[in-house]
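# Notes for the structure review
So the chains spell out like this:
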Amino acid sequence: MTDIQPIQFDGEDKSNSVRAKILQQEPFAIRTFTPSQCVISHSAGSYHYTPEGRKLADFTSGVLVANLGHNPVAWWNRVVGYLGLEAIKEGGEYANSVPLTAYNAITEIESQSNERLLANLQAAPGGNRINQIMWSASGSEAVQKALWAAIKYQPGKDMIIATRHGFHGKKGLAGAVTGSEEDKERDERVRFISFPKSECDDVETRKQPIDLKPYQQELDTLWDKHGDRLCCVITEPYLGGGGSYHPQKEYLQLLQAFCREHNLVFILDEIQSNFGRTGPMYAFSHYELEPDVVLLGKGLGNGVPVSAAVGRNDVFESLGYGEASDTWSANPLSSAAVVATLDEFETTNTLQKGSHLAGIIETGLIRLKETGAISKVRGEGCVWGIECADIGERKGAVIANQIIEECYLGKDGALAIHLLGALAGKVLRISPPLTMCPDECKAYLDRLYEVCQQVAAR
Ligand SMILES: Cc1ncc(COP(=O)(O)O)c(C=O)c1O
């Protein structure tokens, strides 16, 4: 058993007990560190509630998943309806319910979710190369399957270019294309190229034009060395887990042009950005790209675990029967969740709400720089990162943890905010549901300002 002490807060007997038990029952390896370790008893819309009854505004959407908010009633009604869980026969069985597992079989809801997702993608500017869906349950599985397909697509071409400091997951090939050549033993098929971080380390810097020459040179050097083995480029629209760096669109367009020139598969990992995070449904529209393969996850099922690689059938059909199959891919619950989520996006003004909220978030976050606790602000739409400054002896990482803890505690228990543990050591992610009430968001951003002031003054 671990000798690490559980995180405990005064006056939180129930939460403290759960925290202590979990620490003994599970290896902490499955949990990323956060100084608040919030225990959630229930959630609705943009709010979480603790077992002690404290309310916290969710500035994370549960790691960019609940884009529509938590447990929206209309959405749940749709999910339940698609699963046929409404009518109960005399005698107590469901009359029309879809099974939760249909392995080695097909359900109509699966086919419906395919039709709806493809139509939605193809209607989005830049989605015209996409005509097949390879389902999975988690983001890293979608990454893995897409890379398998790209590697098999042209015999003998098995090398991948990934952008340095990206995050695509921890398992298998997804882990191999994450980070850089320095941080672990590497798959010899993976080569990294630079991602323009200094050119977009703040909203202001990002407004400047980018010099693409060094990036073109890196690509050309790789092509000269490995051109006969390269099969694909994988990148994210913006570095998410790597610290919220949102590049000038010309950088991503350069990667795409390189792929077109050399017949490589251009894979865009939108697991974090899909379904409205950057403004439109997909970041590929926002960045004016036309990827061969797009990876979807997180917000795709608004909380039901589901992911997918969507893209060119000729690439996906390089895999044989069963090579990308598993227990949960295209399971009926996930299919129902995807259709319900699409229904909500297609029949409500969620995207417009997100765009309106985006302006409020941007203004509220840029203002935080006045406090001295925040040195850089980066982001777009409803996905932002605020980089904590070093203050005296306290490094940015310490400041970040102090802000998380103060936000968790709230002001006399009120106006509390749930934040994720810092990205890349000292970057706090701000990504509320697109549906958060603008005035409430403003009030919580004002509270964040106060917290930053207090932490800076300590
Ligand atoms: C861009 C991106 N790709 C892939 C993943 C991995 O997804 P999962 O954790 O569901 O395996 C993540 C998760 O944070 C992500 O942000």
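Calculation notes
- Residues numbered from 1 in each chain as written.
- Predicted model: local features only at pLDDT ≥ 70, side-chain atom pairs only at ≥ 80, totals over all residues.
- Heavy atoms only, no water.
- Near = heavy atom within 4 Å.
- Polar contact = N/O pair within 3.5 Å; in protein donor to acceptor, adjacent residues only side chain to side chain.
- Areas by Shrake-Rupley, 256 points an atom, 1.4 Å probe, with all protein chains shown as cover.
- Nonpolar A, V, L, I, M, F, W, Y, C, P; charged D, E, K, R; others polar.
- Pairing = 2+ DSSP bridges.
- Helix = DSSP H or I, 4+ residues; strand = E, 2+ residues; numbered from the N terminus.
- Axes fitted to C-alpha atoms, helices over the stretch in contact; angles between N-to-C directions.
- Patch = residues over 30% accessible without salt bridge, like charges linked within 9 Å, V, L, I, M, F, W, Y side chains within 5 Å.
- Salt bridge = Lys/Arg side-chain N within 4 Å of Asp/Glu carboxyl O.
- Contact = heavy atoms within 4.5 Å.
- Buried < 20%, exposed > 50% of the residue type's maximum accessible area, 1.4 Å probe, protein only.
- Disulfide = S-S within 2.5 Å.

Let's shift gears to the site of the ligand. Around the ligand, the structure places Ser-138, Gly-139, Ser-140, Phe-167, His-168, Gly-169, Glu-236, Asp-269, Ile-271, Gln-272 and Lys-298. Lys-298 has a polar side-chain atom sitting 2.8 Å from an oxygen atom of the ligand. For the ligand, the accessible surface in isolation is 390 Å², of which the surrounding protein chains cover 81%. Class assignment of the residues belonging to the shell around the ligand gives a composition of 2 nonpolar, 6 polar and 3 charged.

In space, the 3 strands of this open sheet follow the order 11-12-14, with antiparallel pairing throughout. The open sheet is flanked by strand 11 (374–380) and strand 14 (427–430), the only strands paired with a single partner. The mean angle between the axes of side-by-side strands here comes to 20 degrees, regardless of whether they run parallel or antiparallel. Where strand 11 lies against strand 12 (residues 383–388), 6 bridges are found, and the strand directions are antiparallel.

Our next topic: a nonpolar patch on the surface. On the surface, Leu-85, Ile-88 and Tyr-94 cluster together into a nonpolar patch covering about 270 Å² of accessible area. When you line up the elements, Ile-88 lands in the loop between helix 3 (73–82) and helix 4 (108–123).

Further remarks concern the sheet that holds strand 8 (residues 265–269). What the 7 strands build is an open sheet, ordered 4-10-9-8-7-5-6; its pairing is mixed. One side of each edge strand has no neighbouring strand; the edge strands of this open sheet are strand 4 (132–136) and strand 6 (190–193). Neighbour-to-neighbour, the strand axes of this sheet turn through a mean angle of 20 degrees, independent of strand direction. Strands strand 5 (159–163), strand 6 and strand 7 (230–235) of the sheet are contacted by helix 7 (residues 213–226), whose axis makes an angle of about 160 degrees with strand 6. Packing against the sheet, helix 8 (residues 249–262) makes contact with strand 5, strand 6, strand 7 and strand 8, and its axis sits at approximately 150 degrees to strand 8.

We now examine the pairing of strand 14. Of the two faces of strand 14, both are covered, the one formed by Val-427 and Arg-429 as well as the one formed by Leu-428 and Ile-430. With 4 bridges joining them, strand 12 and strand 14 adopt antiparallel strand pairing. Counterpart to Glu-387 in the pairing with strand 14 is Val-427.

A word on the side chain of His-246. As for its placement among the helices and strands, His-246 is situated in the loop between strand 7 and helix 8. The class of His-246 is buried, set by a relative accessible area of 1%. Within polar-contact distance, the side chain of His-246 engages the side chain of Glu-380 at 2.5 Å. For His-246, the contacting residues outside a window of four places in its chain are Cys-200, Arg-206, Tyr-238, Tyr-287, Arg-378, Gly-379, Glu-380 and Val-383.

What follows covers the state of the cysteines. This model, assessed by the stated rule, comprises 0 disulfides. Cys-38 takes part in no disulfide bond, and the closest cysteine sulfur to it belongs to Cys-407, at a distance of 12 Å. With no disulfide partner, Cys-232 has as its closest neighbouring cysteine sulfur the one in Cys-231, 3.8 Å distant. Judged by relative accessible area, which is 0%, Cys-232 ranks as buried.

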